[in-house]
Amino acid sequence: MTQRTARTDRNGPAEQDRPAEQGGPAEQGGPAEQDRPAEQGGPGGPAGTSTEKASGAPDKRRGGAGWALVITSVAGFMAALDNLVVTTALPSIRKDLGGALDDLEWTVSAYTLTFAVLLMFGAALGDRFGRRRLFLVGLSIFTGASAAAAMAPGIDSLIAARAVQGVGAAIMMPLTLTLLTAAVPAARRGMAYGIWGAVNGLAVASGPLIGGSLTEHVSWHWIFWLNVPLGLAVLPLARLRLSESFGNGNPLDFPGTLLASGGLFGIVYGLVRGPAEGWTSPFVLTALFAGAALLAGFVLHGSRARNAMLPMRLFRSRAFAGINAASLLMFLGMFGSIFLLSQYMQGVLGYSPTEAGLRMLPWTGMPMLVAPIAGYLSDRVGGRPVVATGLFLQAAGLAYYASVVAADASYATQLPALIISGIGMSLYFAPASNLVMSSVRPQEQGIASGANNALREVGGALGIAVMSSIFSAQGGYATAQSFIDGLRPALVVGAVVVGLAGLAALAIPSAGRPERAETGGTPAPAPEADRAETVRTGAARAETGFLETAAR
């Protein structure tokens, strides 16, 4: 016999928990609920209500798990591809549109920065106004901005289009996992997550290669045109085949979003402009100090606000603070290094964009091979030692690269550094998301996952700015030797930063010593915490931790 249990939602009438055989996953392990009032269509208005039943059950005319997997995987592929697809096209963009080093930095940082800052806000928008609806909005923005980037007549318009791309990705990306969770029965979610993560991982791993191939054989403009037909194909499918769902309807944190956005922009802008205008320039100092003040305000806001975008109390957990510090530092060192090394391979060693992309694969593509092994090891010995080992290997790989980099270095000389860095990166990513999720209570896992991924993107933006500043202070583009003079100290700093990330990972409590939460005396859940509670409470604001785990 089928049971129905009514629960009252704060934003709508009682919802019905449907068993799996009646078109929705059972309550045990169920996805984010679809809080849909029959008369009003849920928060945000009546759009799309005609295809939803009053009980919240998805209309059987809509597609099932297969369509949801295809749509969310393609959307995730588009957003993930744009993280690194630009790197191998940078020399061609610089030659075609002009611009100095700081302009090239912004073609990457404008995307990662807006993506990072608005990512959790985008998830909250979907929870409040409808996940499918906001997914369509984000995908439309991303597709339109891709076309604008492809047609950009100058470097400034390209940077502006990249920033808008990041806005679209920040709205679209966090909703892919929640939409997929809502569509796939609990018994098949593991397989669905694996396929979804593998597709997104393939996008990041092949980003430099795809960007290089299109740049060399067609035009750099096509690294952006590629998104347009994909977006136009996915938009109608998402509208017709995905069911609408809503989250808990918590108030949007506009003050927190503004403080974080302004603070990060000030810091990154000051770091980018510092080498060109001088570190004592009033404009640079104003940007840095204003950014620091706004970030301090963001921390204070997160400590006091009831519905803060990032509650600071989470950082009272040594496990949560440790893995997030490690994530930020790791991305700072890694992204900054890839940004400079892709230019080194083309500008100094003379590789074509395609050849440079292929030669980066031992680093960027290694997670596709090593991540399953790392996952197995983390199950056997715990995530802490695996993550720490991976970070120390990544640091060793960068240090080795700094020792062999030269104007005439052979690829055989560079290959060990690329392999060591790739293995280290793989060992980090496989258990990192599990450490994040197990460091907080089940009901906070959505926020924790989004915070960790936002900090990773912030680390990438800061890494490009910091390491490019070091590069500019010690060298430049004038000659091959000048490039080496700037690249070597930048890689050394990258190695030191990632080494610090390894030390931060060692601060995470071991699996045998569960940490007590800061309030209520409840221990943080173990890595093997109940999957049903994890999905049900985390899906409402889930972010793409699985993407980052499988991808970079």
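Let me sum up the structure you'll find in this document. Predicted, not measured: the structure shown is a model, and the values here were computed from it. (Residues numbered from 1 in each chain as written. Predicted model: local features only at pLDDT ≥ 70, side-chain atom pairs only at ≥ 80, totals over all residues. Heavy atoms only, no water.)

Thoughts on the nonpolar core
Note on soluble globular proteins: their nonpolar side chains tend to be buried together. By size, the foremost hydrophobic cluster in this structure holds 140 residues, and its most contacted members are Phe135, Leu158, Met330, Tyr344, Trp363, Leu391 and Tyr401. Among the elements that line this core, the one with the most residues is helix α11 (residues 318-348), at 16 residues. Setting aside anything within four residues of it in sequence, one finds Leu391 in contact with Ala326, Met330, Gly424, Tyr428, Val498, Ala501, Gly502 and Ala505. Core analysis: the next-biggest nonpolar cluster, separate from the first, contains five residues, Met366, Ala374, Val386 and Leu427 among them. (Core = buried A, V, L, I, M, F, W, Y, C linked by side-chain atoms within 4.5 Å. Buried < 20%, exposed > 50% of the residue type's maximum accessible area, 1.4 Å probe, protein only. Helix = DSSP H or I, 4+ residues; strand = E, 2+ residues; numbered from the N terminus. Contact = heavy atoms within 4.5 Å.)

Comments concerning the packing of aromatic side chains
Applying the stated rule across the entire model yields 11 aromatic pairs. Geometrically, the ring pair formed by Trp222 and Trp225 is tilted, given 6.4 Å between the ring centres and 50 degrees between the ring planes. Here the residue Trp222 and the residue Trp225 both occupy positions in helix α7 (residues 222-225), the gap between them amounting to three residues, near one helical turn. Given a relative accessible area of 42%, Trp222 falls into the partly exposed group. The partly exposed category is assigned to Trp225, whose relative accessible area is 26%. (Phe/Tyr/Trp six-rings, centres within 6.5 Å; stacked < 30°, edge-to-face > 60°.)

Overview of a nonpolar patch on the surface
A surface patch of nonpolar side chains, amounting to about 500 Å² of accessible area, comprises Phe392, Val492, Val496, Leu500, Leu503 and Leu506. Ranked by the residues each element gives to the nonpolar patch, the list is headed by helix α17 (residues 480-506), at five residues. Tracing the sequence through the fold places Val492 in helix α17. (Patch = residues over 30% accessible without salt bridge, like charges linked within 9 Å, V, L, I, M, F, W, Y side chains within 5 Å. Areas by Shrake-Rupley, 256 points an atom, 1.4 Å probe, with all protein chains shown as cover. Salt bridge = Lys/Arg side-chain N within 4 Å of Asp/Glu carboxyl O.)

Remarks on the environment of Ala473
Take Ala473: it is sitting in helix α16 (residues 445-474). Classification of Ala473 by relative accessible area gives exposed; the value is 56%. Along the primary structure Ala473 and Ala276 are separated by 197 residues, whereas in three dimensions their C-alpha atoms are 9.3 Å apart.

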